Amino acid sequence: QVQLVESGGGLVQPGGSLRLSCVASASIFSVYDMGWYRQGPGKQRELVASITTGGSTNYADSVKGRFTISRDNAKNTMYLQMNSLKPEDTAVYYCNAAHHWIPGRNYWGQGTQVTVSS
């Protein structure tokens, strides 16, 4: 069992920045693809950014150029740097780990709230 814990959420003004962290309970980044999802009020959960075991990254069009996903393997930690935040970025953000080649092996964090005011 892999445990994922998010942190770094909070209240920020439009145009501000925030950094989210996701700490894994084991050294999994060599065999798990990682991603950040979010679910805003009344909306479906969507993939915001992902990073593969090989280090390739991908972003949703809505955040491209503003968000950056990264990881520190030594710390078992994944990050989401969020810049130029907009009110529509308000959501609960979830950390996800998906095994690179074993179907259905997937883990989720409990989420962290990000609120961009007004």
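Scroll up for the structure.
Because the structure is a prediction, the values reported are computed rather than measured.

Novice: Is there a simple way to think about the overall build of the protein in this case?
Specialist: The helix and strand tally for the protein stands at zero helices and 11 strands. Secondary structure elements of the protein, listed N to C terminal, follow the sequence β-β-β-β-β-β-β-β-β-β-β. At 14 Å, the protein has a C-alpha radius of gyration in line with the 13 Å of a compact globule built from 118 residues. Seen along its three principal axes, the alpha-carbon backbone of the protein occupies a region of about 40 × 25 × 25 Å. Here the protein holds 118 residues, and the buried ones make up 43% of them. Residue pairs in contact within the protein that sit at least 24 positions apart in sequence constitute 55% of those at least 6 positions apart. Surface accessibility of the protein: about 6200 Å² in total, with carbon and sulfur atoms responsible for 47%.

Novice: Any chance you could explain the nonpolar core here in plain terms?
Specialist: Nonpolar side chains tend toward joint burial in soluble globular proteins. With 31 residues, the main nonpolar core has Leu4, Met34, Leu80 and Tyr93 as its most contacted residues. Sorting the residues of this core by element identifies strand 3 (18-24), strand 4 (32-39), strand 5 (46-51), strand 7 (67-72), strand 8 (77-82), strand 9 (91-99) and strand 11 (112-116) as the ones contributing at least two each.

Novice: Looking at this structure, I do not really get the pattern of salt bridges. What am I missing?
Specialist: For side chains of opposite charge, pairing can occur when their charged atoms come near one another. In the structure shown here, the tally under the stated rule is four salt bridges. A single salt-bridge network, built from bridges that share partners, covers Arg38, Glu46, Arg66 and Asp89.

Novice: For this particular structure, what's the right way to read the state of the cysteines?
Specialist: Chemically, a disulfide is nothing more than a covalent bond linking the sulfur atoms of two cysteines. In the structure shown here, the tally under the stated rule is one disulfide. The partner cysteine of Cys22 in its disulfide is Cys95, sulfur to sulfur 2.0 Å. Residues Cys22 and Cys95 are joined through a disulfide that is left-handed, its torsion about the S-S bond being -75 degrees. A residue pair is termed long-range when its members are at least 10 positions apart, and Cys22 in strand 3 and Cys95 in strand 9 qualify at 73 residues. Judged by its relative accessible area of 0%, Cys95 falls in the buried class.

Novice: I tried to follow the sheet that holds strand 8 on my own but got confused; where do I start?
Specialist: Strand order in this open sheet of four strands is 1-3-8-7, and the pairing throughout is antiparallel. If you trace the sheet from one side to the other, it starts and ends with strand 1 (4-7) and strand 7, each paired once. Between one strand and the next, the sheet's axes are offset by a mean angle of 15 degrees, whatever the strand orientation. Inspection of the sheet shows strand 1 paired to strand 3 by four bridges, in the antiparallel sense. Note that in strand 3 the partner of Leu4 across the bridge is Ala24.

About the cut-offs
Residues numbered from 1 in each chain as written. Predicted model: local features only at pLDDT ≥ 70, side-chain atom pairs only at ≥ 80, totals over all residues. Heavy atoms only, no water. Helix = DSSP H or I, 4+ residues; strand = E, 2+ residues; numbered from the N terminus. Rg over C-alpha atoms; globule rule 2.2 N^0.38 Å. Buried < 20%, exposed > 50% of the residue type's maximum accessible area, 1.4 Å probe, protein only. Contact = heavy atoms within 4.5 Å. Areas by Shrake-Rupley, 256 points an atom, 1.4 Å probe, with all protein chains shown as cover. Core = buried A, V, L, I, M, F, W, Y, C linked by side-chain atoms within 4.5 Å. Salt bridge = Lys/Arg side-chain N within 4 Å of Asp/Glu carboxyl O. Disulfide = S-S within 2.5 Å. Pairing = 2+ DSSP bridges. Axes fitted to C-alpha atoms, helices over the stretch in contact; angles between N-to-C directions.

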